[in-house]
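Structural features, examined
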Amino acid sequence: MSQKVKIWDLAVRFFHWSQVLLIAGLWYTGEEGMIALHQLLAYSLAALVVSRLVWGVIGSSTAKFSRFATTPVTAINYLRKPYPVTGHNPASFYMIVLLIVLVVLQLLSGLATLDNNYINDGPLVSLLPNYWVELASDFHKMNINVLLIAVAVHVVAALWHSARVHNVIWPLLTGKDKLVNKGIKLKNSAAFFVLFVFMLALLYWWQGSKLMAQL
């Protein structure tokens, strides 16, 4: 009988659920024209993503990208016949890469996006030619829809997988799951949070003070 053990460290769980809340907040503030708050949430998400990328190299075994990176053939075979996996399954690697790429592109394009009220233009707007600013602004508006579609696919897949194959949602809340694959080595998440706070402070020092004054 499989026993439940800790497979997700606090860093991974914090990143996952904080990203959910931040993307939801970014969509809402963008739709409502709350640009100052929108940009503050964007810098928070940027700090979170940078920290996760670093943690994906130096963190726990289940957090490392190298551990669950697979070939497309392996991912396709897994989708054809899914089975329980401790940690990320073979197909999840490609969804994670897609979501991170879309988020990074959204953040980068936001730096060069025009504010409709010309109050809170992205910090790169004044440094780039008009053509690039217009391109970034158009891409920013389009890419959020692509990102939301990808998120929706991810949610549906997670719900289906949890109902039919292996519950992957509850372990991301509790950190514990049935041990299927051995060799799980968790690390203390302190380094992740130190980096996150540092990046957050750096980004808010760069742009945050003038934005918070407008809240």
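The structure reproduced in this document is the subject of the present report. Keep in mind the model is a prediction, meaning the values are calculated, not measured.

1. Section: the overall build of the chain
From N to C terminus, the chain includes eight helices and two strands. The N-to-C order of helical and strand elements in the chain reads β-α-α-α-α-α-α-α-β-α. In terms of C-alpha radius of gyration, the chain reaches 19 Å, essentially the compact-globule figure of 17 Å for 215 residues. Along the longest, intermediate and shortest principal axes, the C-alpha atoms of the chain span 60 × 35 × 25 Å.

2. What to know about the packing of aromatic side chains
Taken as a whole and assessed by the stated rule, the structure comprises 11 aromatic pairs. Between Phe68 and Phe93, the ring centres sit 6.1 Å apart and the planes meet at 70°, which makes this aromatic pair edge-to-face. Placement of the pair is Phe68 in helix H3 (residues 65–68) and Phe93 in helix H5 (residues 92–110), with a sequence separation of 25 residues. When its relative accessible area of 16% is taken as the criterion, Phe93 is described as buried. On the numbers, 5.0 Å between centres and 80° between planes, the contact of Phe93 with Tyr94 is edge-to-face.

3. Comments concerning the environment of Ser137
Relative to the elements of secondary structure, Ser137 occurs in helix H6 (residues 130–164). Note: C-alpha distance between Ser137 and Val153 (16 residues apart in sequence) is 25 Å. Dropping the residues within four chain positions of it, Ser137 is found in contact with Ala112, Thr113 and Leu114. A polar side-chain atom of Ser137 sits 3.0 Å from the main-chain amide nitrogen of Leu114.

4. Some details on the environment of Asp9
Following the sequence through the fold, Asp9 ends up in the loop between strand E1 (4–6) and helix H1 (10–31). Sequence-wise, Asp9 and Leu172 are 163 residues apart; in three dimensions their C-alpha atoms are separated by 9.1 Å. Those residues within four positions of Asp9 in sequence are excluded, and the remaining contacts are Trp55, Ser60, Ala63, Leu186, Lys187 and Ser189.

5. Let's talk about H6
An ideal rise of 1.5 Å per residue puts 51 Å on 35 residues; H6 measures up with 51 Å between its terminal C-alpha atoms. Among the residues of H6, Val133, Ala136, Ser137, His140, Asn143, Ile144, Leu147, Ala150, Ala158, His161 and Ser162 are the ones counted as buried. The secondary structure elements touched by the buried residues of H6 are helix H2 (35–58), helix H4 (72–80) and H5.

6. Focus on a nonpolar patch on the surface
There is a patch of nonpolar side chains on the surface, built from Leu127, Leu128, Tyr131, Trp132 and Leu135 and spanning about 560 Å² of accessible area. Within the secondary structure layout, Tyr131 lies in helix H6.

7. Quick word on the packing of H1 against helix H8 (residues 190–212)
Across the interface, H1 lies against H8 with an axial gap of 8 Å and an inter-helix angle of 40°. On the basis of the axis angle, H1 is oblique to H8. Contacts from Leu10, Ala11, Phe14 and Phe15 in H1 reach Phe192, Phe193 and Phe196 in H8. Here the residues of the contact of H1 with H8 sort into seven nonpolar, no polar and no charged.

8. Digging into the packing of H2 against H5
Two elements in contact, H2 and H5, have axes whose closest approach is 11 Å; the angle formed by their N-to-C orientations is 140°. On the basis of their axis angle, the class for H2 and H5 is oblique. Note on packing geometry: the crossing formed by H2 with H5 is left-handed. Only Ile100, Val103, Val104 and Leu107 of H5 make contact with H2, whose side of the interface consists of Ala42, Leu45, Ala46, Val49 and Leu53.

9. Quick look at the layout of surface pockets
In this structure, the largest pocket spans a volume of roughly 1,100 Å³. In this structure, the largest pocket is lined by 44 residues; those nearest its centre are His16, Met95, Leu99, His154 and Ala158. Counting residues per element, the lining of the largest pocket draws most heavily on H6, which supplies 10 residues. Residue composition of the lining of the largest pocket, by class: 32 nonpolar, 10 polar and two charged. Of the pockets and cavities examined, the second largest pocket occupies roughly 890 Å³. Around the second largest pocket, the lining is made up of 37 residues, and of these His38, Gln106, Gly110, Thr113 and His140 lie nearest the centre.

The rules behind each value
Residues numbered from 1 in each chain as written. Predicted model: local features only at pLDDT ≥ 70, side-chain atom pairs only at ≥ 80, totals over all residues. Heavy atoms only, no water. Helix = DSSP H or I, 4+ residues; strand = E, 2+ residues; numbered from the N terminus. Rg over C-alpha atoms; globule rule 2.2 N^0.38 Å. Phe/Tyr/Trp six-rings, centres within 6.5 Å; stacked < 30°, edge-to-face > 60°. Buried < 20%, exposed > 50% of the residue type's maximum accessible area, 1.4 Å probe, protein only. Contact = heavy atoms within 4.5 Å. Polar contact = N/O pair within 3.5 Å; in protein donor to acceptor, adjacent residues only side chain to side chain. Expected span 1.5 Å × (residues − 1). Patch = residues over 30% accessible without salt bridge, like charges linked within 9 Å, V, L, I, M, F, W, Y side chains within 5 Å. Areas by Shrake-Rupley, 256 points an atom, 1.4 Å probe, with all protein chains shown as cover. Salt bridge = Lys/Arg side-chain N within 4 Å of Asp/Glu carboxyl O. Axes fitted to C-alpha atoms, helices over the stretch in contact; angles between N-to-C directions. Parallel < 35°, antiparallel > 145°, perpendicular 65-115°, else oblique. Nonpolar A, V, L, I, M, F, W, Y, C, P; charged D, E, K, R; others polar. Left-handed = near helix turned anticlockwise from the far one by under 90°. 1 Å grid on protein atoms, 1.4 Å probe; cavity = no way out; pocket = protein on both sides within 12 Å on 5 of 7 lines; lining within 4 Å. Points joined across faces, edges and corners; volume = space filled by probe spheres on them.

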